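# Commentary on secondary and tertiary structure
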Amino acid sequence: MSGNLTQPDPPPRNLPFPPLLFLAGTTGLFILGFDLAYQQLSSQALPGTPPLRIVHSFNSCSQPTQLCDGALPIAGLFQQPLTGLLYGTTVRGGRGDRGIIFRVNVNRSASYQMLADFPCTPTQPQPTCRQGAEPQGRLLMLSDGYLYGTTFSGGVNSQPTRPGSGTIFRMLPGGQPIALYHFKGCNQVTAGNCDGENPAAGLLLGSDGNLYGTTLNGGKGAGTVFQLRNGGRGWIYRQIYAFQGGPTDGSKPYGELIEGTDGAFYGTTYRGGTNGLGTLFRLRPTGTVWNRQLLYSFSGGNTGSGPQVGLLQANGPWLYGTTLDDRGTIFRFSLATNTLTTLYQFRGTDGAQPRSPLLLGSDNFLYGTTYVRSNPIGENNGTIFKIHPDGGRLISLFIFKGSNGINPRGQLLQSRLDGNIYGITENRSWSPSCQTAGGCGQIFRLEVNLPIITNFMPRSGPPGANVMISGVNLASRLGQTQVSFAGVPAEVLFASNNQLRVRVPEQAGDGPITVTTVNTPNDTTTTTPLPFRVF
């Protein structure tokens, strides 16, 4: 069954590519949009531009036998909750030039450290490629202190003429990656299905304590979904679904899975479905059986086609995502009505080909990147944008120009330590010498300084009680921050960057606490995920 399409506004026309729009400055903040007839592209520069800083530029090297730095990062970053350390991978670099694992400490001037590499030598794949090669998915750290991830190639079936089908691995920071499972593709056939092959996405930790992921190939030839179950004495692998492609099923799942608030798993496929242009799907366990449901088939045009990254659930029953083909779109899908709404269709001059999942910032805006951008003067290196979850105009936060990065990719991350947004650029035109513009990829920080509420105490109390709110970027002085309890304004008694002391208003009822940092014209609002209870 395919969902229905709804459009909140008249669909934009496909303008000539590219429209004649010139955006000046490297850090200017621009609002881009169309008039009501979608006939004329308009731009407006706004003050309060968030600067972008380069945290690390990957260097690689021209001698693959050496322990080189990384190159070509395409996976998003993972932040350890307690320490704030950032972890990531690159596809190239290291011994054998088959990828590395790195760490960044944002508390210490964003210090960078390469932790391990995948010393895979294609001409001598055994045993050098046994642990995997070319990690493309985001890392995950579990409560046992290990990092878990996937590699696109390598493994026990690597041959000089065949790079291997990939692995699932884990490692302790400071150690070396150890493969937990070796994908075998059609070298292993179970119940008529080939094993999975080439995981392109990272892993998801389910609420049941198991790990879940996808492979781009294998199964019935269109990719698989797998489970890695913690059996107490080790991890047990199971293929839980094999895509078949065609009009009734998806094909080529590139992105990460998410677990919805209803306990089901949701994802995208790049191809397959009614029109062959990609799908949204749901997997729900019933006992030991997994039931797959086709939620939506993309049809191209202003509905978009080719979703290549995972989804985001936010604001109730809404799934948010992007499509890649034909410059790309931003969409939301209602689980309540099974309908898809196109929130924005990229034109090229405002970015094209979004290849990163969307991030919900603490200000309740969606943040993302576009891989390229069409511009008459050759600035085709991608953008960072934000948009309201209900749609409206796209706000372009940053335009990459080469020296500050090329081709942003991988999911953005908002640090709970400083409120800033971190990401990576890939640079698809990189060279082993890293001498081209954009080098071999970069880690960047967009200094938006968004307020974040990390805690509030007590969680309940009577009107007139004092409540202490903790977080970052809350205020620098009294008068800069407004606080409300379930929409009722409260008196702020003390304000600093990390703490607010407020009085519960007399008319307050149960509901969230909202903090608005007044910084005209760019006021920023954040809300507690849990309600305050009034008694």
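Residues numbered from 1 in each chain as written. Predicted model: local features only at pLDDT ≥ 70, side-chain atom pairs only at ≥ 80, totals over all residues. Heavy atoms only, no water.

### Re the sheet that holds strand S13 (residues 167–171)
- Strand order in the open sheet formed by 4 strands is S11-S12-S13-S14, and the pairing between neighbours is antiparallel. Only two strands of the sheet have a single neighbouring strand rather than two, namely strand S11 (140–141) and strand S14 (178–182).
- Direction of pairing for S11 relative to strand S12 (residues 147–151): antiparallel, over a ladder of 2 bridges. By the bridge assignment, Met141 is partnered in S12 with Leu147. (Pairing = 2+ DSSP bridges. Helix = DSSP H or I, 4+ residues; strand = E, 2+ residues; numbered from the N terminus.)

### Describing the state of the cysteines
- Within this structure, the stated rule accounts for 2 disulfides.
- The residue that forms a disulfide with Cys120 is Cys129, at a sulfur-sulfur distance of 1.8 Å. Disulfide Cys120-Cys129: the torsion about the S-S bond is 75 degrees, which places it as right-handed. Both residues of the pair, Cys120 and Cys129, count as buried.
- The disulfide partner of Cys186 is Cys194, and the gap between their sulfur atoms is 1.9 Å. Between Cys186 and Cys194, the disulfide has an S-S torsion of 90 degrees and is therefore right-handed. (Disulfide = S-S within 2.5 Å. Buried < 20%, exposed > 50% of the residue type's maximum accessible area, 1.4 Å probe, protein only.)

### Observations regarding the confidence of the model for the protein chain
- Of all residues in the protein chain, 85% attain a pLDDT of 70 or more, and the chain-wide mean is 85.
- This model gives residues 1–47 a pLDDT under 50, and the stretch forms 121 contacts once residues within four places in sequence are excluded. (pLDDT = per-residue confidence, 0-100. Contact = heavy atoms within 4.5 Å.)

### Quick look at the pattern of salt bridges
- One pass over the structure, following the stated rule, counts 13 salt bridges.
- Between Glu426 and Arg409 there is a salt bridge, with its nearest N and O atoms 3.2 Å apart. Placement of the pair is Glu426 in the loop between strand S38 (421–425) and strand S39 (442–446) and Arg409 in strand S37 (residues 408–414), with a sequence separation of 17 residues. Neither residue differs from the other here; Glu426 and Arg409 are each classed as buried.
- Arg533 is the salt-bridge partner of Asp510, the closest N and O atoms lying 3.8 Å from each other. Of the two residues, Asp510 sits in the loop between strand S45 (499–503) and strand S46 (513–517) while Arg533 sits in strand S48 (residues 533–534), which places them 23 residues apart along the sequence.
- Residue Arg533 is classed as partly exposed on the basis of its relative accessible area, which comes to 44%.
- Among the charged side chains, a salt-bridge network with shared partners connects Arg53, Arg445 and Glu447. (Salt bridge = Lys/Arg side-chain N within 4 Å of Asp/Glu carboxyl O.)

### Focus on the pairing of S39
- Burial analysis of S39 places 5 of its 5 residues in the buried class, the great majority of the element.
- Alternating residues of S39 divide into Gln442, Phe444 and Leu446 and Ile443 and Arg445, and every residue in both groups is buried.
- When strand S4 (residues 52–57) meets S39, the two strands line up antiparallel, connected through 5 bridges. Note on S39: the bridge partner recorded for Ile54 is Phe444.

### Comments concerning the side chain of Arg103
- Examined against the element boundaries, Arg103 turns out to sit in strand S9 (residues 100–105).
- No salt bridge is formed by the buried Arg103; its nearest oppositely charged neighbour, Asp69, is found at 13 Å.
- Among the polar contacts made by the side chain of Arg103, one reaches the side chain of Gln113 at a distance of 2.7 Å.
- Setting aside chain neighbours within four positions, we find Arg103 in contact with Leu85, Leu86, Tyr87, Ser111, Tyr112, Gln113, Leu115 and Pro173. (Lys, Arg positive; Asp, Glu negative; His and termini not counted. Polar contact = N/O pair within 3.5 Å; in protein donor to acceptor, adjacent residues only side chain to side chain.)

### Brief notes about the nonpolar core
- One finds Tyr87, Ile101, Leu147, Ile168, Leu203, Leu211 and Tyr237 to be the most contacted residues of the largest nonpolar core, which totals 24 residues.
- Among the elements of the structure, strand S10 (111–117), S11, S12, S13, strand S21 (224–230) and strand S22 (235–242) are those that each provide at least two residues to this core.
- It is S13 that provides the largest number of residues to this core, a total of 3 residues.
- Sequence-distant contacts of Leu211, defined by excluding residues within four places in its chain, comprise Leu140, Leu142, Tyr148, Leu203, Leu204, Leu205, Phe226, Gln227, Leu228 and Trp235. (Core = buried A, V, L, I, M, F, W, Y, C linked by side-chain atoms within 4.5 Å.)

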